[in-house]
Amino acid sequence: MNVEGLFPRTWRTLLRRRGKPALWLLPVGLIAVWGIWFFHARVTVYERSVQARLELHREVYAIDAPVDGRVVGTQVELHRSVHAGDVLVELAHDEQERQVAEAEAALQGLGPQLEAARAELEAEQQGLVEQKGQRVAGVAEARARLTDARVVTRRAQKEAASFERLFERGVVSEMEWNRVRTELERSQAAEQAARATLTRVRSEGTIQSTDRRTRLASLRGEIARLESEERVARATLERLRDELERRVIRAPAEGILGETRSVRVGAQLEEGDPIATVVAGGPVRIVAQFSPEALGRIRAGQRARMRLGGFSWTEFGMIESSVVAVASEARDGLVRVELSVDELPRGIPLEHGLPGTIEVEVGEATPLRLVLRSMGQGLDGPDRAEQPTASRPKGGS
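The numbering scheme is per chain: residues are counted from 1 as the chain's sequence reads. This being a predicted model, a pLDDT of at least 70 is required before a residue's local features are given, and a value of 80 or more before pairs of side-chain atoms are given or counted; all residues contribute to the totals for chains, interfaces and linings. Hydrogens and waters are ignored; side-chain quantities use all the structure's heavy atoms.

Enquirer: Honestly, unusual backbone geometry in this entry has me stumped. Any pointers?
Expert: As a rule of thumb, non-glycine residues mostly have phi less than zero, and peptide bonds are mostly trans rather than cis. The phi angle at Asp332 is positive, at roughly 55°, despite the residue not being glycine. Looking at the element boundaries, Asp332 is found in the loop between strand E13 (319–326) and strand E14 (335–343). Burial classes: relative accessible area under 20% of the type maximum marks a residue as buried, over 50% as exposed, and values in between as partly exposed (1.4 Å probe, protein chains only). Looking at Asp332, the relative accessible area reads 82%, which means it is exposed. Each helix is a run of DSSP H or I of at least 4 residues and each strand a run of E of at least 2, with the numbering of both proceeding from the N terminus.

Here it is as structure tokens:
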């Protein structure tokens, strides 16, 4: 703090007089400055952890032989970096490739058969519609002819009845009467023929419709059978491709090959034989334990910093972090707090279990308030006085 800036006149007087009587002004000025700082300055209050450490989450994936087979290719090397999907071991798969090719050919052959059957079904359905129209037209024509024949027959009957009376009276000759009767019989025969034609047209239409519907049902059955065969062929092909893929053993995740088995080309593997393990890296976090008094003071989102044991903070710096989660109750006398790593200084390795101390910014207070708080904790008892709370000037380290 700049004393000359706060008390310019006093400072200039001291410099001008430089006498012993003015020396008492110096401690008075210092006390005044300290008093202003003590009553008005704002310092950052930190909550210090009982213990803390870095935790590096790692997933370990065990790779075993999925099927029996002879090794035809291998790229298993200890500590080798791999990515998800990288080929590690290939087993002999000539037979599986042949089966896949056969299944693909069978599936491809079903496609044209299905297309042809569906086209024929569509043509038959269209033919049924057209035939129905033709049947309606044929029936209408036969019914019209029957109606015409009935009209002719009724006229011939009337004419025959008239000629019969005239013949009985002797007005017309027997020849004329025979001609009229012949015309009547001819018209009756024509009516019967028209009625028979109408019956035949109806019967033929019904038979043709039945035949077409039978053909349509047969085609639908054929299409259903082909579709079923196609589904079976697809499922078979998928299964064979699956079996083929299982003979190519790949890395399940990105990471480093840990424990490995000596797998050489030509070796025979049995299902379940261990091949290697992939150690996949995960996120880094800080897990800290605080005294129960920290409950309610530490909240998610607060900034924090970590000093690692064995790494001088003056040389390596501190890890900047933020509170992510706080346990709702204490266990074994401590409260668990998880923090994210926001900034990791260079030179500090990411090793699981590195210990250290976390300081969480829980607020600001004046020095007077901190002293009163410490006195109150001291009066509460020795256990309370040992609460790990630290205070730093705002912006300081």
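Enquirer: It is not clear to me how the sheet that holds strand E3 (residues 59–64) should be interpreted in this structure. Could you clarify?
Expert: Remark on secondary structure: sheet strands pair via backbone hydrogen bonds, oriented parallel or antiparallel. If you trace the four strands from one edge of the open sheet to the other, you get E3-E10-E8-E5, paired in antiparallel fashion. The open sheet has two free edges, formed respectively by E3 and strand E5 (81–82), since each of these has just one partner strand. Pairs of strands are assigned from DSSP output, requiring at least two bridges between the strands.

Enquirer: When you look at the side chain of Arg80 in this model, what are you seeing that I'm missing?
Expert: As for its position among the elements, Arg80 is in the loop between strand E4 (69–74) and E5. Counting rule applied: Lys, Arg positive; Asp, Glu negative; His and chain ends not counted. Note on definitions: salt bridges are taken to be side-chain nitrogens of Lys or Arg within 4 Å of carboxyl oxygens of Asp or Glu. Salt bridges are absent for the buried Arg80, whose nearest opposite-charge side chain, Asp86, sits at 4.5 Å. By the convention used here, residues are in contact when the closest approach between their heavy atoms is within 4.5 Å. In contact with Arg80, not counting residues within four places along its chain, are Gln75, Asp86, Val87, Leu88, Gly255, Ile256 and Leu257.

Enquirer: Teacher, can you tell me more about the environment of Ile223 here?
Expert: Within the element layout of this structure, Ile223 appears in helix H5 (residues 174–246). Note on Ile223: relative accessible area 7%, which makes it buried. Non-local contacts of Ile223, meaning those with residues more than four positions away in its chain, are made with Leu114, Ala117, Arg118 and Leu121.

Enquirer: What is the right way to read the pattern of salt bridges from this model?
Expert: Think of it this way: side chains of opposite charge can pair up when their charged atoms draw near. Tallied over the entire structure, the rule returns 22 salt bridges. The partner of Arg241 in a salt bridge is Glu104, and the shortest N-O contact between them spans 2.9 Å. With a gap of 137 residues between them, Arg241 in helix H5 and Glu104 in helix H4 (residues 94–169) connect regions that are remote in the sequence. Residue Glu104 is classed as partly exposed on the basis of its relative accessible area of 28%. With a shortest N-O distance of 3.8 Å, Arg150 and Glu191 are connected by a salt bridge. Of this pair, Arg150 sits in helix H4 while Glu191 sits in helix H5, and the two are 41 residues apart along the sequence.

Enquirer: Where do I start with the nonpolar core in this structure?
Expert: Buried together is how nonpolar side chains tend to be arranged in soluble globular proteins. Counting residues in hydrophobic clusters, the biggest one holds 22 residues, and the most contacted among them are Ile286, Phe290, Ile298, Leu308, Leu339, Ile358 and Val360. Of all elements in the fold, only strand E2 (51–56), strand E11 (284–290), strand E12 (303–308), E13, E14 and strand E15 (355–365) reach the threshold of two or more residues within this core. In terms of nonpolar packing, the next biggest core, distinct from the first, is built from 17 residues, Ile63, Ala65, Val82 and Ala251 among them. Among buried residues, those of type Ala, Val, Leu, Ile, Met, Phe, Trp, Tyr and Cys that are joined through side-chain atoms within 4.5 Å constitute a nonpolar core.

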